[in-house]
Amino acid sequence: MARVFNWQIGREMSYWYPESRPKRQFAAVLDINKCIACQTCTLACKTTWTSGKGQEYMLWNNVETKPYGSYPLAYDVKLLEMLGGQEWDGNRYAGRTLFEAAPAGERVLGWRPGHEDYSYPNTGEDDCAGQVDHGEHLSLPHAQWFFYLARICNHCTYPACLSSCPRGSIYKRPEDGIVLVDQGRCRGYQECVRGCPYKKVFYNPLTGTSEKCIACFPKIEQGIQPQCFVNCIGKIRLAGWISRPENARPDNPIDYLVHIRKVALPLFPQFGLEPNVYYIPPVHAPESFNRQLFGPGAAQAVKTYREAARDPDLAGLLCLFGSTEMLVSRFRRASETVAGTDEKGAELVRVPLREPVVVRPARDPRTQLVRINCP
Ligand code: SF4
Ligand code: SF4
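Caption draft 1: A look at the site of ligand 1. Surrounding ligand 1, one finds 14 residues, the nearest of these being Cys-35, Cys-38, Gln-39, Cys-41 and Cys-232. Looking at the shell around ligand 1, its residues break down into 10 nonpolar, 3 polar and 1 charged.

Structure, rendered in C-alpha coordinates:
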(Lines give C-alpha, C1' and ligand atoms only; values in the text may rest on other atoms or scores of the structure.)
(Ligands and ions follow the chains in the order given, each with its own letter.)
Protein backbone atom coordinates (compact mmCIF):
# COMPACT_ATOMS: atom_id res chain seq x y z
CA MET A 1 0.00 0.00 0.00
CA ALA A 2 1.19 3.53 -0.85
CA ARG A 3 0.56 6.72 1.13
CA VAL A 4 -1.48 9.28 -0.82
CA PHE A 5 -3.11 12.60 0.03
CA ASN A 6 -6.91 12.85 -0.05
CA TRP A 7 -8.00 16.49 0.35
CA GLN A 8 -11.64 15.51 0.96
CA ILE A 9 -10.71 13.84 4.25
CA GLY A 10 -7.94 16.32 5.06
CA ARG A 11 -5.16 13.79 5.48
CA GLU A 12 -2.96 11.12 3.97
CA MET A 13 -4.36 7.63 3.61
CA SER A 14 -3.35 4.19 2.32
CA TYR A 15 -4.09 3.25 -1.30
CA TRP A 16 -2.97 0.32 -3.44
CA TYR A 17 -1.16 2.50 -6.01
CA PRO A 18 0.96 5.67 -5.57
CA GLU A 19 -0.71 9.06 -6.11
CA SER A 20 -1.02 9.82 -9.83
CA ARG A 21 -3.35 12.62 -10.81
CA PRO A 22 -4.48 13.18 -14.41
CA LYS A 23 -3.59 16.31 -16.40
CA ARG A 24 -7.11 17.48 -15.70
CA GLN A 25 -10.00 15.82 -13.90
CA PHE A 26 -13.56 15.49 -15.21
CA ALA A 27 -15.97 16.57 -12.47
CA ALA A 28 -19.59 17.59 -11.99
CA VAL A 29 -21.92 19.39 -9.60
CA LEU A 30 -25.52 18.24 -9.10
CA ASP A 31 -27.99 20.47 -7.27
CA ILE A 32 -30.17 18.04 -5.33
CA ASN A 33 -32.68 20.76 -4.53
CA LYS A 34 -33.77 20.95 -8.15
CA CYS A 35 -34.13 17.25 -9.01
CA ILE A 36 -37.70 16.13 -9.72
CA ALA A 37 -36.96 12.40 -10.22
CA CYS A 38 -38.32 12.45 -13.76
CA GLN A 39 -35.68 9.80 -14.63
CA THR A 40 -34.99 11.44 -18.00
CA CYS A 41 -31.27 11.18 -17.21
CA THR A 42 -31.67 7.48 -16.47
CA LEU A 43 -33.38 6.89 -19.81
CA ALA A 44 -31.00 9.14 -21.75
CA CYS A 45 -28.13 6.96 -20.51
CA LYS A 46 -30.02 3.69 -20.91
CA THR A 47 -30.94 4.30 -24.53
CA THR A 48 -27.43 5.49 -25.37
CA TRP A 49 -25.22 2.93 -23.66
CA THR A 50 -27.05 0.03 -21.98
CA SER A 51 -29.83 -1.15 -24.28
CA GLY A 52 -27.99 -4.33 -25.32
CA LYS A 53 -28.36 -7.92 -24.20
CA GLY A 54 -26.92 -8.63 -20.76
CA GLN A 55 -27.30 -4.96 -19.85
CA GLU A 56 -31.00 -5.06 -18.97
CA TYR A 57 -30.47 -4.46 -15.25
CA MET A 58 -27.71 -1.90 -15.65
CA LEU A 59 -28.36 1.69 -14.65
CA TRP A 60 -25.13 3.60 -15.14
CA ASN A 61 -27.24 6.61 -14.10
CA ASN A 62 -29.94 6.05 -11.50
CA VAL A 63 -32.04 8.33 -9.31
CA GLU A 64 -33.00 7.01 -5.87
CA THR A 65 -35.25 8.54 -3.23
CA LYS A 66 -33.41 9.06 0.05
CA PRO A 67 -33.65 7.95 2.82
CA TYR A 68 -35.35 4.69 1.74
CA GLY A 69 -34.28 4.24 -1.88
CA SER A 70 -31.06 2.64 -3.09
CA TYR A 71 -29.85 0.77 -6.17
CA PRO A 72 -28.70 -1.91 -5.74
CA LEU A 73 -30.65 -2.58 -2.56
CA ALA A 74 -29.06 -1.11 0.58
CA TYR A 75 -25.69 -0.62 -1.15
CA ASP A 76 -24.88 2.27 1.15
CA VAL A 77 -26.42 1.19 4.45
CA LYS A 78 -24.68 -2.16 4.25
CA LEU A 79 -21.26 -0.63 3.76
CA LEU A 80 -21.75 2.08 6.37
CA GLU A 81 -22.50 -0.68 8.88
CA MET A 82 -19.50 -2.74 7.79
CA LEU A 83 -17.21 0.28 8.13
CA GLY A 84 -18.33 1.13 11.67
CA GLY A 85 -17.67 4.50 13.37
CA GLN A 86 -16.99 7.42 11.03
CA GLU A 87 -15.92 10.29 13.23
CA TRP A 88 -14.63 13.62 11.93
CA ASP A 89 -12.19 15.84 13.81
CA GLY A 90 -13.18 19.17 12.27
CA ASN A 91 -12.51 18.71 8.56
CA ARG A 92 -10.14 15.83 9.16
CA TYR A 93 -11.61 12.33 8.96
CA ALA A 94 -10.67 10.44 12.11
CA GLY A 95 -12.12 7.05 11.13
CA ARG A 96 -10.88 4.44 8.68
CA THR A 97 -11.41 4.62 4.92
CA LEU A 98 -12.51 1.54 2.97
CA PHE A 99 -8.89 0.98 1.96
CA GLU A 100 -7.68 1.21 5.55
CA ALA A 101 -10.46 -1.08 6.79
CA ALA A 102 -9.74 -3.80 4.19
CA PRO A 103 -9.49 -7.28 5.73
CA ALA A 104 -6.05 -8.95 5.62
CA GLY A 105 -5.20 -10.00 2.06
CA GLU A 106 -7.79 -7.72 0.46
CA ARG A 107 -7.36 -4.27 -1.09
CA VAL A 108 -10.65 -2.70 -0.08
CA LEU A 109 -13.55 -3.36 2.27
CA GLY A 110 -16.45 -4.31 -0.01
CA TRP A 111 -19.33 -6.64 -0.81
CA ARG A 112 -20.87 -7.97 -3.99
CA PRO A 113 -24.62 -7.59 -4.56
CA GLY A 114 -26.67 -10.63 -5.57
CA HIS A 115 -29.43 -10.87 -8.22
CA GLU A 116 -32.10 -9.92 -5.68
CA ASP A 117 -30.30 -6.70 -4.84
CA TYR A 118 -30.72 -5.53 -8.42
CA SER A 119 -34.40 -6.49 -8.63
CA TYR A 120 -35.95 -3.35 -7.11
CA PRO A 121 -34.51 -0.25 -8.77
CA ASN A 122 -37.30 2.03 -7.57
CA THR A 123 -37.67 0.74 -4.04
CA GLY A 124 -38.52 3.50 -1.57
CA GLU A 125 -39.47 5.89 -4.35
CA ASP A 126 -41.29 8.98 -3.06
CA ASP A 127 -41.44 7.31 0.36
CA CYS A 128 -41.07 9.60 3.35
CA ALA A 129 -42.26 7.23 6.08
CA GLY A 130 -40.85 3.78 5.37
CA GLN A 131 -42.94 0.62 5.28
CA VAL A 132 -45.55 0.20 7.96
CA ASP A 133 -46.88 -3.33 8.02
CA HIS A 134 -47.19 -6.49 10.10
CA GLY A 135 -48.26 -4.65 13.22
CA GLU A 136 -45.53 -2.01 13.08
CA HIS A 137 -46.52 1.54 13.69
CA LEU A 138 -45.25 5.04 13.11
CA SER A 139 -44.01 6.83 16.17
CA LEU A 140 -45.02 10.46 16.12
CA PRO A 141 -44.03 13.18 15.56
CA HIS A 142 -42.43 11.79 12.42
CA ALA A 143 -40.24 13.97 10.22
CA GLN A 144 -41.73 14.08 6.74
CA TRP A 145 -38.94 14.50 4.22
CA PHE A 146 -37.26 12.82 1.30
CA PHE A 147 -35.12 13.88 -1.63
CA TYR A 148 -33.88 12.55 -4.92
CA LEU A 149 -30.27 11.50 -5.31
CA ALA A 150 -29.10 11.17 -8.91
CA ARG A 151 -25.99 9.02 -9.22
CA ILE A 152 -23.42 8.16 -11.86
CA CYS A 153 -19.87 6.83 -11.56
CA ASN A 154 -17.80 9.39 -9.66
CA HIS A 155 -14.65 8.90 -11.76
CA CYS A 156 -12.85 8.85 -8.43
CA THR A 157 -9.30 10.05 -7.87
CA TYR A 158 -8.64 6.85 -5.91
CA PRO A 159 -11.04 4.39 -7.57
CA ALA A 160 -11.80 1.29 -5.53
CA CYS A 161 -12.84 -0.51 -8.72
CA LEU A 162 -9.40 0.09 -10.21
CA SER A 163 -7.48 -0.91 -7.10
CA SER A 164 -9.58 -4.09 -6.70
CA CYS A 165 -8.92 -5.44 -10.20
CA PRO A 166 -6.39 -8.29 -10.07
CA ARG A 167 -5.75 -8.06 -13.85
CA GLY A 168 -5.15 -4.31 -14.08
CA SER A 169 -8.06 -4.04 -16.53
CA ILE A 170 -9.35 -0.74 -15.15
CA TYR A 171 -7.53 2.49 -15.89
CA LYS A 172 -7.88 6.20 -15.33
CA ARG A 173 -7.27 8.27 -18.45
CA PRO A 174 -4.39 10.72 -17.93
CA GLU A 175 -5.99 13.34 -20.19
CA ASP A 176 -9.31 13.70 -18.32
CA GLY A 177 -9.39 11.35 -15.31
CA ILE A 178 -12.26 9.28 -16.71
CA VAL A 179 -12.21 5.71 -15.33
CA LEU A 180 -12.74 2.93 -17.90
CA VAL A 181 -12.78 -0.88 -18.03
CA ASP A 182 -10.59 -2.35 -20.78
CA GLN A 183 -13.03 -4.85 -22.29
CA GLY A 184 -10.19 -6.77 -23.92
CA ARG A 185 -8.35 -7.40 -20.66
CA CYS A 186 -11.33 -7.98 -18.33
CA ARG A 187 -12.00 -11.63 -17.44
CA GLY A 188 -15.12 -11.02 -15.37
CA TYR A 189 -13.75 -11.74 -11.87
CA GLN A 190 -16.11 -9.01 -10.59
CA GLU A 191 -13.70 -7.79 -7.95
CA CYS A 192 -14.50 -4.25 -9.18
CA VAL A 193 -18.22 -4.84 -8.56
CA ARG A 194 -17.32 -5.91 -5.05
CA GLY A 195 -14.90 -3.04 -4.50
CA CYS A 196 -16.88 -0.02 -5.74
CA PRO A 197 -18.83 1.29 -2.73
CA TYR A 198 -21.19 3.22 -5.02
CA LYS A 199 -21.92 0.01 -7.00
CA LYS A 200 -21.34 1.71 -10.31
CA VAL A 201 -19.64 -1.22 -12.04
CA PHE A 202 -21.96 -3.88 -13.48
CA TYR A 203 -21.19 -7.40 -14.66
CA ASN A 204 -22.48 -8.40 -18.10
CA PRO A 205 -23.19 -12.14 -18.00
CA LEU A 206 -23.35 -12.34 -21.80
CA THR A 207 -19.95 -10.84 -22.54
CA GLY A 208 -18.40 -12.10 -19.28
CA THR A 209 -16.94 -8.66 -18.61
CA SER A 210 -17.66 -5.74 -16.29
CA GLU A 211 -19.00 -2.48 -17.65
CA LYS A 212 -19.48 1.00 -16.25
CA CYS A 213 -20.30 4.65 -16.95
CA ILE A 214 -17.80 6.08 -19.42
CA ALA A 215 -18.75 9.75 -18.76
CA CYS A 216 -19.79 9.84 -22.45
CA PHE A 217 -16.10 10.36 -23.29
CA PRO A 218 -16.72 10.65 -27.05
CA LYS A 219 -18.77 13.77 -26.22
CA ILE A 220 -16.31 15.07 -23.62
CA GLU A 221 -13.56 14.88 -26.25
CA GLN A 222 -15.61 17.30 -28.36
CA GLY A 223 -16.24 19.67 -25.45
CA ILE A 224 -19.85 18.51 -24.95
CA GLN A 225 -21.42 17.47 -21.63
CA PRO A 226 -22.60 13.83 -21.15
CA GLN A 227 -26.09 12.59 -22.11
CA CYS A 228 -27.50 12.57 -18.55
CA PHE A 229 -26.42 16.22 -18.21
CA VAL A 230 -27.76 17.71 -21.42
CA ASN A 231 -31.08 15.86 -21.09
CA CYS A 232 -31.70 16.83 -17.45
CA ILE A 233 -35.18 18.31 -17.21
CA GLY A 234 -34.57 19.93 -13.82
CA LYS A 235 -31.33 21.57 -15.03
CA ILE A 236 -29.64 20.33 -11.88
CA ARG A 237 -26.31 19.37 -13.50
CA LEU A 238 -23.10 21.07 -14.57
CA ALA A 239 -20.07 19.16 -15.87
CA GLY A 240 -16.56 20.57 -16.06
CA TRP A 241 -13.07 20.27 -14.66
CA ILE A 242 -11.89 20.38 -11.06
CA SER A 243 -8.50 21.57 -9.85
CA ARG A 244 -6.70 20.58 -6.66
CA PRO A 245 -7.75 22.88 -3.79
CA GLU A 246 -4.46 24.83 -3.85
CA ASN A 247 -4.90 25.55 -7.58
CA ALA A 248 -8.60 26.49 -7.45
CA ARG A 249 -9.59 29.22 -9.93
CA PRO A 250 -12.47 31.55 -8.98
CA ASP A 251 -13.62 31.66 -12.63
CA ASN A 252 -13.82 27.86 -12.95
CA PRO A 253 -17.46 26.91 -12.17
CA ILE A 254 -16.63 23.60 -10.47
CA ASP A 255 -13.71 25.07 -8.48
CA TYR A 256 -15.91 27.97 -7.41
CA LEU A 257 -18.73 25.75 -6.12
CA VAL A 258 -16.52 23.06 -4.55
CA HIS A 259 -13.35 24.78 -3.33
CA ILE A 260 -14.19 28.46 -2.98
CA ARG A 261 -17.83 28.60 -1.85
CA LYS A 262 -17.83 24.98 -0.55
CA VAL A 263 -21.49 24.66 -1.45
CA ALA A 264 -21.03 21.38 -3.35
CA LEU A 265 -19.75 18.30 -1.52
CA PRO A 266 -18.66 14.74 -2.37
CA LEU A 267 -20.87 11.73 -1.61
CA PHE A 268 -19.54 9.65 1.30
CA PRO A 269 -16.10 11.31 1.47
CA GLN A 270 -15.30 9.05 4.43
CA PHE A 271 -15.03 6.07 2.05
CA GLY A 272 -11.74 7.62 0.88
CA LEU A 273 -12.11 7.45 -2.91
CA GLU A 274 -12.08 11.24 -3.51
CA PRO A 275 -15.14 11.02 -5.79
CA ASN A 276 -15.46 13.76 -8.45
CA VAL A 277 -19.24 14.19 -8.58
CA TYR A 278 -20.31 16.85 -6.06
CA TYR A 279 -23.72 17.60 -4.61
CA ILE A 280 -25.42 20.72 -3.31
CA PRO A 281 -27.11 19.10 -0.28
CA PRO A 282 -30.90 19.22 0.18
CA VAL A 283 -31.91 22.19 2.33
CA HIS A 284 -34.83 20.38 4.00
CA ALA A 285 -33.17 17.13 5.13
CA PRO A 286 -31.95 16.70 8.72
CA GLU A 287 -28.45 18.02 9.35
CA SER A 288 -27.27 14.68 10.70
CA PHE A 289 -28.39 12.84 7.56
CA ASN A 290 -26.68 15.36 5.28
CA ARG A 291 -23.53 15.09 7.38
CA GLN A 292 -23.41 11.32 7.04
CA LEU A 293 -23.80 11.55 3.24
CA PHE A 294 -21.73 14.64 2.48
CA GLY A 295 -19.37 15.12 5.42
CA PRO A 296 -18.83 17.90 7.97
CA GLY A 297 -19.33 20.79 5.51
CA ALA A 298 -22.99 19.94 4.87
CA ALA A 299 -24.60 22.43 7.30
CA GLN A 300 -22.53 25.36 6.01
CA ALA A 301 -23.26 24.36 2.39
CA VAL A 302 -27.00 24.46 3.11
CA LYS A 303 -26.64 27.89 4.74
CA THR A 304 -24.67 29.26 1.76
CA TYR A 305 -27.21 27.89 -0.70
CA ARG A 306 -30.12 29.35 1.25
CA GLU A 307 -28.50 32.79 0.94
CA ALA A 308 -27.75 32.43 -2.80
CA ALA A 309 -30.57 34.79 -3.81
CA ARG A 310 -28.62 37.67 -2.22
CA ASP A 311 -25.32 36.49 -3.70
CA PRO A 312 -25.20 37.49 -7.42
CA ASP A 313 -22.07 35.51 -8.36
CA LEU A 314 -23.37 32.28 -6.84
CA ALA A 315 -26.92 32.85 -8.09
CA GLY A 316 -25.55 33.66 -11.55
CA LEU A 317 -23.48 30.50 -11.69
CA LEU A 318 -26.48 28.41 -10.62
CA CYS A 319 -28.35 29.90 -13.62
CA LEU A 320 -25.76 28.38 -15.94
CA PHE A 321 -26.78 24.84 -14.96
CA GLY A 322 -28.52 23.23 -17.93
CA SER A 323 -28.14 26.35 -20.09
CA THR A 324 -25.85 24.86 -22.76
CA GLU A 325 -24.79 21.45 -23.95
CA MET A 326 -21.17 22.61 -24.12
CA LEU A 327 -18.67 22.07 -21.30
CA VAL A 328 -18.31 25.38 -19.45
CA SER A 329 -14.70 25.85 -18.33
CA ARG A 330 -14.97 29.47 -17.12
CA PHE A 331 -17.73 31.87 -16.11
CA ARG A 332 -18.00 35.60 -15.53
CA ARG A 333 -20.82 37.76 -14.27
CA ALA A 334 -21.44 41.24 -15.61
CA SER A 335 -24.19 43.10 -13.78
CA GLU A 336 -27.43 41.20 -14.45
CA THR A 337 -26.11 38.49 -16.78
CA VAL A 338 -23.67 35.63 -16.46
CA ALA A 339 -21.64 34.17 -19.30
CA GLY A 340 -20.17 30.69 -19.64
CA THR A 341 -17.01 30.45 -21.75
CA ASP A 342 -14.58 27.83 -22.97
CA GLU A 343 -11.00 27.70 -21.70
CA LYS A 344 -9.85 30.37 -24.14
CA GLY A 345 -12.57 32.76 -23.04
CA ALA A 346 -14.86 32.35 -26.08
CA GLU A 347 -18.47 32.85 -24.98
CA LEU A 348 -20.64 29.72 -25.15
CA VAL A 349 -23.79 31.01 -23.49
CA ARG A 350 -25.15 34.07 -21.67
CA VAL A 351 -28.13 33.98 -19.33
CA PRO A 352 -29.93 36.61 -17.23
CA LEU A 353 -29.74 36.41 -13.44
CA ARG A 354 -33.47 36.87 -13.32
CA GLU A 355 -35.86 35.79 -16.04
CA PRO A 356 -37.86 38.81 -17.23
CA VAL A 357 -41.55 38.77 -16.24
CA VAL A 358 -43.88 39.83 -19.05
CA VAL A 359 -47.52 40.57 -18.31
CA ARG A 360 -49.43 40.61 -21.58
CA PRO A 361 -52.53 42.75 -22.20
CA ALA A 362 -55.72 40.94 -21.25
CA ARG A 363 -57.01 41.21 -24.82
CA ASP A 364 -54.73 40.21 -27.69
CA PRO A 365 -54.92 43.19 -30.05
CA ARG A 366 -54.05 41.06 -33.07
CA THR A 367 -56.65 38.30 -32.65
CA GLN A 368 -59.05 40.18 -30.38
CA LEU A 369 -59.12 37.14 -28.11
CA VAL A 370 -59.07 37.32 -24.31
CA ARG A 371 -55.92 35.92 -22.69
CA ILE A 372 -55.44 34.43 -19.28
CA ASN A 373 -52.25 35.53 -17.54
CA CYS A 374 -51.13 33.11 -14.90
CA PRO A 375 -49.31 34.95 -12.12
S1 SF4 B 1 -33.22 14.34 -15.51
FE2 SF4 B 1 -32.47 15.79 -13.95
S3 SF4 B 1 -34.33 16.35 -12.80
FE4 SF4 B 1 -34.86 14.47 -13.94
S5 SF4 B 1 -34.32 12.81 -12.48
FE6 SF4 B 1 -32.48 13.15 -13.73
S7 SF4 B 1 -31.24 14.55 -12.49
FE8 SF4 B 1 -33.34 14.66 -11.68
S1 SF4 C 1 -17.62 5.36 -8.46
FE2 SF4 C 1 -17.04 3.18 -8.39
S3 SF4 C 1 -16.90 2.60 -10.55
FE4 SF4 C 1 -16.77 4.82 -10.49
S5 SF4 C 1 -14.55 5.26 -10.38
FE6 SF4 C 1 -15.35 5.27 -8.28
S7 SF4 C 1 -14.95 3.18 -7.58
FE8 SF4 C 1 -14.81 3.10 -9.84
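Having seen it, we continue.
Caption draft 2: Representation of unusual backbone geometry within the structure. Omega for the bond connecting Lys-66 with Pro-67 falls within 30 degrees of zero, at 15°, which places this linkage in the cis form. Locating Pro-67 in the fold gives a position in the loop between β4 (62-66) and α2 (75-83). The phi torsion at Glu-274 lies on the positive side, around 50°, for a residue other than glycine.

Caption draft 3: Structural context of the pattern of salt bridges. Considering all chains together, one arrives at 21 salt bridges under this definition. Note that Arg-3 and Glu-12 form a salt bridge whose closest N and O atoms lie 3.7 Å from each other. Look at Glu-12 and you get partly exposed, because its relative accessible area is 43%. For Asp-311, the salt bridge is made with Arg-261, and the minimal N-O distance between the two is 2.7 Å. Taken together, the residues span a long stretch of sequence, with Asp-311 in the loop between α9 (298-306) and α10 (312-319) and Arg-261 in the loop between α7 (253-260) and β13 (265-266) at a distance of 50 residues.

Caption draft 4: Quick peek at the environment of Gly-208. Its place among the elements puts Gly-208 in the loop between β10 (201-204) and β11 (209-212). A C-alpha to C-alpha distance of 9.5 Å links Gly-208 and Gln-190, two positions 18 residues apart in sequence. When residues no more than four places from it in sequence are discounted, the contact partners of Gly-208 are Arg-187, Gly-188 and Tyr-203.

Caption draft 5: Representation of the site of ligand 2. Surrounding ligand 2, one finds 13 residues, the nearest of these being Cys-153, Asn-154, Cys-156, Cys-161 and Cys-196. Here the shell around ligand 2 is built from residues that sort into 10 nonpolar, 2 polar and 1 charged.

Caption draft 6: Representation of helix α8 (residues 287-294) in the model. Along α8, the positions that sit buried rather than exposed are Phe-289, Asn-290, Leu-293 and Phe-294. When α8 is viewed along its axis, its buried side chains cluster within an angular range of 105° and face the same direction. Pointing more than 90 degrees away from the buried face of α8 are the exposed residues Glu-287 and Ser-288. Residues of α8 that are buried sit in contact with β4, β7 (147-151), β13, β14 (277-280) and α9. Following α8 by one or two positions, Gly-295 has its phi on the positive side, about 90°.

Caption draft 7: Layout of the sheet that holds strand β15 (residues 330-334). An order of β15-β16-β17 is seen for the 3 strands of this open sheet, with the pairing classed as antiparallel. Two strands lie at the open edges of the sheet, namely β15 and β17 (347-352), each paired on one side alone. For this sheet the average axis-to-axis angle between neighbouring strands, irrespective of direction, equals 20°. Across 5 bridges, β15 lies against strand β16 (residues 337-341) in antiparallel orientation. Bridging across to β16, Arg-333 finds its partner in Val-338. Contacts from α10 reach β15, β16 and β17 within the one sheet, and its direction differs from that of β15 by about 125°.

Caption draft 8: Region of interest: the sheet that holds strand β12 (residues 237-242). Pairing is mixed in the open sheet, where 4 strands are placed in the order β12-β3-β14-β13. The two strands at the open ends of the sheet, each matched to only one other strand, are β12 and β13. Judged from the 2 bridges that link them, β13 and β14 form a sheet pairing that is antiparallel. Residue pairing across strands places Pro-266 opposite Tyr-278, the latter belonging to β14. Its contacts with the sheet place α7 against β3 (25-31), β12 and β14, and it is angled at close to 85° to β12.

Caption draft 9: Here's a closer look at the packing of α7 against α10. Between α7 and α10, the shortest axis-to-axis distance is 11 Å and the interhelical angle comes to 130°. When the interaxial angle is binned, α7 and α10 end up oblique. Judged by the twist between their axes, the crossing of α7 over α10 is left-handed. Contact residues: Pro-253, Tyr-256 and Leu-257 in α7; Asp-313, Leu-314 and Leu-317 in α10.

Caption draft 10: Quick peek at the nonpolar core. Phe-271 and Phe-294 are the most contacted members of the largest nonpolar core, which has 79 residues in total. The contact partners of Phe-294, leaving out residues within four places of it in the chain, are Ile-32, Leu-149, Leu-265, Pro-266, Leu-267, Pro-269, Tyr-279, Pro-281 and Pro-282. Ranked by size, the runner-up nonpolar core spans 25 residues in total, among them Val-263, Tyr-278, Tyr-305 and Phe-321.

Caption draft 11: Molecular detail of the state of the cysteines. The final tally for this structure, using the stated rule, is 0 disulfides. Looking at the unpaired Cys-186, the closest cysteine sulfur is the one in Cys-192, lying at 6.1 Å. Residue classification places Cys-186 among the buried positions, given a relative accessible area of 10%. Cys-319 forms no disulfide, and the closest cysteine sulfur to it belongs to Cys-232, at a distance of 15 Å.

Caption draft 12: Spatial organisation of the side chain of Ser-14. Tracing the backbone shows Ser-14 in strand β2 (residues 11-15). Since its relative accessible area comes to 17%, Ser-14 is described here as buried. Apart from residues no more than four positions distant in its own chain, Ser-14 is found in contact with Met-1, Ala-2, Arg-3, Phe-99 and Glu-100.

Criteria and thresholds
Residues numbered from 1 in each chain as written. Chains lettered and ligands numbered in written order. Predicted model: local features only at pLDDT ≥ 70, side-chain atom pairs only at ≥ 80, totals over all residues. Heavy atoms only, no water. Near = heavy atom within 4 Å. Nonpolar A, V, L, I, M, F, W, Y, C, P; charged D, E, K, R; others polar. Helix = DSSP H or I, 4+ residues; strand = E, 2+ residues; numbered from the N terminus. Salt bridge = Lys/Arg side-chain N within 4 Å of Asp/Glu carboxyl O. Buried < 20%, exposed > 50% of the residue type's maximum accessible area, 1.4 Å probe, protein only. Contact = heavy atoms within 4.5 Å. Arc of directions from axis to C-beta. Pairing = 2+ DSSP bridges. Axes fitted to C-alpha atoms, helices over the stretch in contact; angles between N-to-C directions. Parallel < 35°, antiparallel > 145°, perpendicular 65-115°, else oblique. Left-handed = near helix turned anticlockwise from the far one by under 90°. Core = buried A, V, L, I, M, F, W, Y, C linked by side-chain atoms within 4.5 Å. Disulfide = S-S within 2.5 Å.

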